[in-house]
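Geometric and topological summary
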Amino acid sequence: MTLKTEDVRNIAHLARLHIDEADIEQYVTDLSSILDLVDEMNRVDSSGVTPLANPLDATQRLRDDEVTETDQRDKFQRIAPDVEQGFYRVPKVIE
Amino acid sequence: MAPGVAEIQRGLAAGKFSSVEITQDYLARIAQHNPALNCFISVTDEIALEQARRADAALAKGQAAALTGVPLAHKDLFCTDGVKTSCASRILDNFIAPYDASVIENFKRDGAVMLGKTNMDEFAMGSSNENSCYGAVANPWNTECVPGGSSGGSAAAVAANLAPGATGTDTGGSIRQPAALCGITGIKPTYGRVSRYGMIAYGSSLDQGGPFARSAEDCALLLQTMSGFDRRDSTSAERAVPDFSGALGEGVEGLKIGLPQEYFADGLDGKIAAVIETAIDELRKLGAEVRDISLPNTDLSIPTYYVIAMAECSSNLSRFDGVRFGHRCDNPVDLEDLYKRSRGEGFGAEVKRRIMIGTYALSAGYYDAYYLKAQQLRRLIKEDFQKAFDSVDLILGPTTPETAFKIGAKSNDPVSMYLQDIYTISLNLAGLPGMSLPVGFVDGLPVGMQLIGNYFDETGLLNTAHSYQQVSDWHLQIPEAFR
């Protein structure tokens, strides 16, 4: 599987990752070689096999809908890059 | 001399030394040796001494808990309330965790002392501890070599006697491989045995915490504290935890051990194979019955693992967005720019590679070909083990295909690095427990032997390793520079 420069740019966009232009070619090479390794999966016909999502085949545990956490907003916002009046600040989203 | 966890417990109980004294000893050793090894990201002197003083007070009143006064180090992936928790990533370099991981809470409950937070591969992605924004960790046996990864700092710290025990996490071998390369003992329990709450997530269906120590006896003590059901982890196992230490004397008489032929095939260094054979003979002498078995889908485990791990990591690491905590880029022009540059500046190259492969594998049109296919193969790999456990009690093989390699030797070739995990990652896919214990040396570097148990049979692993360690002293070896 060989990726193109444009594929890497698109994947980086989907992943919201800034990649320096100078590094793109290296990512094309590295990601293509990883996908070559991954393509070895196709040597085996696994049609009809039930996918395994949890190694113990466990299902989601349910709990009662009760309040168990206390409000710790001040503590959690102390480590935020930018807050104001209890809100997280980001660049303007809506014009 | 390098006292183990059990020996320190006995010394504290008998009043031979205080927790403050032994904690000061370790802090002094860390100050002396960490510059050469780089195994600690943070040394928490003040917290350690305060915890040690409280431990001494509890001991004096006869109120000691399971690990009261025992100093330990924690991988910098476990959240520690009020203490920097970086995951060795620039994106979390300024992150002071606002809560404790369940594992950390358990160690506090049981009275342990925290010496500091250990270096690792960024977000636990790596097999050499070279992918850390704080620099590579050196192997105490040869400081030109890697300690393994991703829990390389914890393994190196225990190997150099900078801590009697340490925590690690294992997503594809990140406890067992560094334990092998550093000549110590480490166990990855069954998926669900140890709570993942507060462990910064990499591959959620694969991640498990576990301990490093010199011996199986010490690992049993640490695993006891770490284990147990936790409602805050949605995949935590609702199962009683056995008395791991209590089962250590059971011996291996009549134990049926399987050797997977695929683990002794071409890729294995012949000198390692010879060392493992000698250890197998010791177990035979102790009464174990050894037979060949087959795990036919072994070679599929690497591609399968990397699809699943990378898909899960791309999803898990989307939480690092520069908004609520962690690194934020300067002067973002809009929200997308904020996300992209904060993440682009914050993550290292290997983390970016894995996020991108995962994003690709989960993207529209590719899901069935990659993620679904990998989950199907995951079941086939699990079924190999289930069949094997119909006829044997335990599976045994090498932990790694080679001993510790030179720093830089594989860092420009991600795929050759991934192949280091060939014997360890299938256990994570299957969710099985595994451990590595030292069984000898090749050219001055330690060799690890891996034991693989059936689901929730950590007791069987620890008992077998302990039996071997009663008739061998590989686990007691310390590199000359750190004696």
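Being a predicted model, the structure only gives us computed values, none of them experimental. (Residues numbered from 1 in each chain as written. Chains lettered and ligands numbered in written order. Predicted model: local features only at pLDDT ≥ 70, side-chain atom pairs only at ≥ 80, totals over all residues. Heavy atoms only, no water.)

It is worth spelling out the pattern of salt bridges at this point. Taken as a whole and judged by the stated rule, the model has 33 salt bridges over all chains. E350 of chain B serves as the salt-bridge partner of R354 of chain B, at 2.6 Å between the closest nitrogen and oxygen. In this pair, R354 of chain B and E350 of chain B are both assigned in helix α11 (residues 349–362), 4 residues apart and thus about one turn of the helix distant. Because the salt bridges share partners, they merge into one network encompassing D30 of chain A together with E350, R353 and R354 of chain B. (Salt bridge = Lys/Arg side-chain N within 4 Å of Asp/Glu carboxyl O. Helix = DSSP H or I, 4+ residues; strand = E, 2+ residues; numbered from the N terminus.)

Attention now goes to the packing of aromatic side chains. All names here are of chain B. Taken as a whole and judged by the stated rule, the model has 15 aromatic pairs over all chains. A ring pair is formed by F95 and F325, whose centres lie 5.3 Å apart and whose planes are at 45°; its orientation type is tilted. With F95 in the loop between β2 (71–75) and α4 (102–109) and F325 in the loop between α9 (301–316) and α10 (335–346), this pair connects stretches of sequence that are 230 residues apart. Overall, F325 belongs to the buried group, its relative accessible area being 18%. Relative to F441, the ring of W141 lies with its centre 4.9 Å away and its plane at 65°, an arrangement referred to as edge-to-face. Here F441 lies in strand β10 (residues 434–442) and W141 lies in the loop between β3 (113–118) and α5 (152–159), a separation of 300 residues in the sequence. An aromatic cluster of three or more residues is present, and its members are F95, F123, F320, F325 and F347. Lying over the aromatic face of F405, K410 brings its terminal NZ or CZ to 5.1 Å of the ring centre. (Phe/Tyr/Trp six-rings, centres within 6.5 Å; stacked < 30°, edge-to-face > 60°. Buried < 20%, exposed > 50% of the residue type's maximum accessible area, 1.4 Å probe, protein only. Lys NZ or Arg CZ within 6 Å of the ring centre and 35° of its normal.)

With that out of the way, let us pick up the packing of helix α1 (residues 5–14) of chain A against α11 of chain B. Contact geometry of α1 of chain A with α11 of chain B gives a least axis separation of 9 Å together with a crossing angle of 90°. When the axis of α1 of chain A is compared with that of α11 of chain B, the two are roughly perpendicular. Between α1 of chain A, through V8, I11, A12 and L14 of chain A, and α11 of chain B, the contact on the second element is made entirely by M356, T359 and Y360 of chain B. Classifying every residue of the contact of α1 of chain A with α11 of chain B gives 6 nonpolar, 1 polar and no charged. (Axes fitted to C-alpha atoms, helices over the stretch in contact; angles between N-to-C directions. Parallel < 35°, antiparallel > 145°, perpendicular 65-115°, else oblique. Contact = heavy atoms within 4.5 Å. Nonpolar A, V, L, I, M, F, W, Y, C, P; charged D, E, K, R; others polar.)

Moving on, we come to a nonpolar patch on the surface. A contiguous nonpolar surface patch, about 230 Å² in accessible area, is contributed by F76, V83 and Y88 of chain A. Its place among the elements puts V83 of chain A in strand β1 (residues 83–84). (Patch = residues over 30% accessible without salt bridge, like charges linked within 9 Å, V, L, I, M, F, W, Y side chains within 5 Å. Areas by Shrake-Rupley, 256 points an atom, 1.4 Å probe, with all protein chains shown as cover.)

Bringing the interface of chain B and chain A into the picture now. Contact with chain B, which involves 70 residues of that partner, is made by 52 residues of chain A. Together, the buried faces of chain B and chain A total about 5300 Å²; carbon and sulfur atoms form 67% of this surface. Summed over the shared surface of chain B and chain A, the result is 5 salt bridges. Among the ionic pairs, D81 of chain B bridges to K75 of chain A, the shortest N-O distance being 3.1 Å. Viewed at the interface, chain A and chain B are joined by 23 residue pairs in polar contact (both at pLDDT 80 or more). Counting only elements with at least two residues in the side of chain B that touches chain A, the list comes to α9, α10, α11, α12 (367–388), α13 (414–418) and α14 (425–430) of chain B. Looking at the side of chain B that touches chain A, the element that brings in the most residues is α12 of chain B, giving 12 residues. Split into classes, the residues belonging to the side of chain B that touches chain A amount to 37 nonpolar, 14 polar and 19 charged. (Buried area = accessible area lost by both parts, 1.4 Å probe. Polar contact = N/O pair within 3.5 Å; in protein donor to acceptor, adjacent residues only side chain to side chain.)

Detailed conclusions should not be drawn from predicted coordinates in areas where pLDDT is low. The predicted model of chain A has a mean per-residue pLDDT of 94, with 100% of residues at 70 or higher. Between the elements of chain A, mean pLDDT differs from a low of 95, seen in helix α3 (residues 73–77) of chain A, to a high of 97, seen in α1 of chain A. (pLDDT = per-residue confidence, 0-100.)

This part covers the confidence of the model for chain B. Of all residues in chain B, 100% attain a pLDDT of 70 or more, and the chain-wide mean is 97. Across the interfaces of the predicted complex, the ipTM metric reaches 0.96, alongside a pTM of 0.98.

Helical geometry note: an α-helix holds 3.6 residues per turn, so side chains three or four residues apart project in the same direction. Here α10 of chain B is 12 residues long and its end C-alpha atoms lie 16 Å apart, about the 16 Å a rise of 1.5 Å per residue gives. Residues L335, D337, L338, K340, S342, R343, G344 and G346 of chain B constitute the buried set of α10 of chain B. Among the structural elements, α1 of chain A together with α11 of chain B are those in contact with the buried residues of α10 of chain B. Between the side-chain oxygen of the N-cap and the backbone nitrogen of E336 of chain B there are 3.3 Å, and the N-cap of α10 of chain B in question is D334 of chain B. (Expected span 1.5 Å × (residues − 1).)

Before going further, it helps to spend a moment on the environment of H18 of chain A. When you line up the elements, H18 of chain A lands in the loop between α1 and α2 (24–38). Along the primary structure H18 of chain A and R73 of chain A are separated by 55 residues, whereas in three dimensions their C-alpha atoms are 30 Å apart. Excluding its chain neighbours within four sequence positions, the residues that come into contact with H18 of chain A are K340, R341, G344 and K352 of chain B. A polar contact is formed between the side chain of H18 of chain A and the side chain of D20 of chain A, at a distance of 3.1 Å.

Attention shifts here to the pairing of strand β7 (residues 256–260) of chain B. Along a regular strand, successive side chains alternate from one face of the sheet to the other. Residues and elements named next belong to chain B. With respect to burial, β7 is a largely interior element, 4 of its 5 residues being buried. As defined by bridge partners, β7 adjoins strand β8 (residues 289–293) across 5 bridges and the pair is classed as parallel. Each bridged residue has a counterpart across the sheet, and for P260 the counterpart in β8 is I293. Considered for its hand, the β-α-β crossover made up of β7, helix α8 (residues 270–285) and β8 is right-handed. Both β7 and strand β9 (residues 394–398) contribute to a ladder of 2 bridges, which runs parallel. For G258, the partnering residue across the bridge sits in β9 and is I395. (Pairing = 2+ DSSP bridges. Right-handed = clockwise from strand over helix to strand, strands pointing away.)

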